[in-house]
Amino acid sequence: MGSSAPEPLRGYTVGITAERKAEELASLLTRRGAEVVHAPAMHTVPLPQDGELAESTREVLSDRVDFVVASTGMGFRGWMEAADEAGDGEALRGHLAGAKLLARGSKATGAIHGAGLRTAWSAPSEESGEVLDHLLGHDLTGSRVVVQVHGDPMLSFRRRLAEAGAEVVPVMVYRWTDPLEPEKLDDLIERTVRGEVHALAFTSAPAATNLLARAERLGRSEALRSAVFGGVVLGCVGPVTAAPVERAGLPHVVPERSRTSSLVRLLAERLPAGS
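Note that this is a predicted model, so its numbers are computed, not measured.

(A) Looking closely at the layout of surface pockets. Of the pockets and cavities examined, the largest pocket occupies roughly 990 Å³. Considering the residues around the largest pocket, the lining is formed by 42 residues, among which Arg20, Thr72, Lys107, Thr203 and Ser204 are closest to the centre. Contributing elements (two or more residues each) for the lining of the largest pocket: helix H1 (22-30), helix H3 (73-85), helix H5 (106-114), strand E9 (174-177), helix H9 (205-217), helix H11 (239-247) and helix H12 (260-273). With four residues, the top contributor of residues to the lining of the largest pocket is H3.

This is the structure:
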């Protein structure tokens, strides 16, 4: 069974952990012959208008902004939409227009342009570390940096900026919580441990983090590790998504381009090859 076959994934089962855009990923996999098990590993919860997000927006508007980091397209768009609903959208866009807007990749760039703003720089590798290096190449003493965070609070990223003399204003648009149907995730973990699932596809760091944490809570962490080292492929759409898997010391694969279609192509090559 070679990867050049029309359906290179026939006979293989792939677990999908995404909540958003899961149908797109499932379609790409099934077209290549895979059986798909969908078990969202997390749930995305928008922050209330009158809560932390609104407070962050007020803080951003309270003083000048020198740099803005757009970490995700979804998060930056969500922030603009929330500001519009609160009646602050025009003021926020006008305020950010005077700053240098930095994007962590093409999706964040698209969101910036969609808001009618200009991107000063975009990270070619789509990695947060590259954005950080770019910022640290500037004299940040006394500068004000707005960071639209994603997945995790990006505490190390923010700390490095603060150590360089910047005032950092974090903006968190969404929180990540446990999935709405945890029993589906439990079943996916069990099926993976039993050897019935040949690969797990991760498209976000929170999903990877939550699946590993859930396995730990179920007492199945070591069994899951054994399954992965025994041949289950962990496919991560990009380096940011792969970070929690890497921290756990688990082998994984990442496509050269951080795209869902690239991840599917990589799985279609690796699974039939037995690696």
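(B) Spotlight on the packing of aromatic side chains. For the coordinates displayed, the defined rule picks out one aromatic pair. On the numbers, 6.0 Å between centres and 90 degrees between planes, the contact of Phe76 with Trp79 is edge-to-face. Of this pair, Phe76 and Trp79 both sit in helix H3, three residues apart, which is roughly one turn of that helix. The class for Phe76 is buried, based on a relative accessible area of 0%. Residue Trp79 is classed as buried on the basis of its relative accessible area of 0%.

(C) Quick look at unusual backbone geometry. The phi angle at Glu126 is positive, at roughly 65 degrees, despite the residue not being glycine. By the element assignment, Glu126 lies in the loop between strand E6 (121-122) and helix H6 (128-136). Using a relative accessible area of 15% as the deciding quantity, one classes Glu126 as buried.

(D) Representation of the packing of H3 against helix H4 (residues 89-96) within the structure. Look at H3 against H4: their axes get within 7 Å of each other, and the N-to-C directions meet at 130 degrees. If you check the angle between H3 and H4, you find them oblique. Here Phe76, Trp79, Met80, Ala83 and Asp84 of H3 lie close against H4, whose contacting residues are Gly89, Glu90, Leu92, Arg93 and Leu96.

(E) The domain arrangement of the protein chain, seen in detail. Assigned domains of the protein chain: these are domain 1 (13-42 + 179-270) and domain 2 (46-176). Each of domain 1 and domain 2 was reduced to a C-alpha centroid, and the two centroids are 29 Å apart. Domain 1 puts seven residues into the contact, and the matching count from domain 2 is nine residues. Summing the contributions of domain 1 and of domain 2, the shared interface buries around 770 Å²; its carbon and sulfur component is 63%. Counting across the domain 1 and domain 2 interface gives one salt bridge. A salt bridge links Arg259 to Glu126; the nearest nitrogen and oxygen atoms lie 3.4 Å apart. Where domain 1 meets domain 2, there are two residue pairs in polar contact (both at pLDDT 80 or more). Of the residues contributing to the side of domain 1 that touches domain 2, the split by class is four nonpolar, one polar and two charged.

(F) A look at the sheet that holds strand E7 (residues 144-148). Across the sheet, five strands lie side by side as E6-E5-E4-E7-E8; this open sheet has parallel pairing. With one partner strand each, in any of the chains shown, E6 and strand E8 (167-171) form the two edges of the open sheet. Here five bridges tie E7 to E8, and the two strands are oriented parallel to one another. When the bridges of E8 are listed, Val145 appears paired with Val168. Docked against the sheet, helix H7 (residues 155-163) engages strand E4 (67-70), E7 and E8, running at close to 155 degrees with respect to E8.

(G) Spatial organisation of the sheet that holds strand E10 (residues 199-202). Here four strands make up an open sheet; going across it, the order is E2-E1-E10-E11 and the pairing parallel. Here the strands that pair on one side only, and so sit at the sheet edges, are strand E2 (35-38) and strand E11 (233-236). Across the sheet, the mean angle from the axis of one strand to that of its neighbour is 25 degrees, orientation sign disregarded. In terms of strand pairing, E10 meets E11 through four bridges, oriented parallel. Bridging from a neighbouring strand, Phe202 pairs with Cys236 of E11. The sheet strands contacting H1 are strand E1 (13-16), E2 and E10, and the helix crosses E1 at an angle near 170 degrees.

(H) Representation of the pattern of salt bridges. For the structure on display, the rule yields 14 salt bridges. Here Glu52 ties to Arg175 by a salt bridge, and the two come within 2.3 Å at their closest N and O atoms. With a gap of 123 residues between them, Glu52 in helix H2 (residues 52-61) and Arg175 in strand E9 connect regions that are remote in the sequence. Overall, the relative accessible area of 37% leaves Arg175 in the partly exposed class. Where Arg217 meets Asp178, a salt bridge forms, and the shortest distance between an N and an O atom there is 3.6 Å. Of this pair, Arg217 sits in helix H9 while Asp178 sits in the loop between E9 and helix H8 (182-193), and the two are 39 residues apart along the sequence. What makes Arg217 exposed here is its relative accessible area of 52%. Put simply, Glu35, Arg191, Arg194 and Glu196 are held in one network by salt bridges that share partners.

Conventions we followed
Residues numbered from 1 in each chain as written. Predicted model: local features only at pLDDT ≥ 70, side-chain atom pairs only at ≥ 80, totals over all residues. Heavy atoms only, no water. 1 Å grid on protein atoms, 1.4 Å probe; cavity = no way out; pocket = protein on both sides within 12 Å on 5 of 7 lines; lining within 4 Å. Points joined across faces, edges and corners; volume = space filled by probe spheres on them. Helix = DSSP H or I, 4+ residues; strand = E, 2+ residues; numbered from the N terminus. Phe/Tyr/Trp six-rings, centres within 6.5 Å; stacked < 30°, edge-to-face > 60°. Buried < 20%, exposed > 50% of the residue type's maximum accessible area, 1.4 Å probe, protein only. Axes fitted to C-alpha atoms, helices over the stretch in contact; angles between N-to-C directions. Parallel < 35°, antiparallel > 145°, perpendicular 65-115°, else oblique. Contact = heavy atoms within 4.5 Å. Domains from an automatic or database assignment. Buried area = accessible area lost by both parts, 1.4 Å probe. Salt bridge = Lys/Arg side-chain N within 4 Å of Asp/Glu carboxyl O. Polar contact = N/O pair within 3.5 Å; in protein donor to acceptor, adjacent residues only side chain to side chain. Nonpolar A, V, L, I, M, F, W, Y, C, P; charged D, E, K, R; others polar. Pairing = 2+ DSSP bridges.

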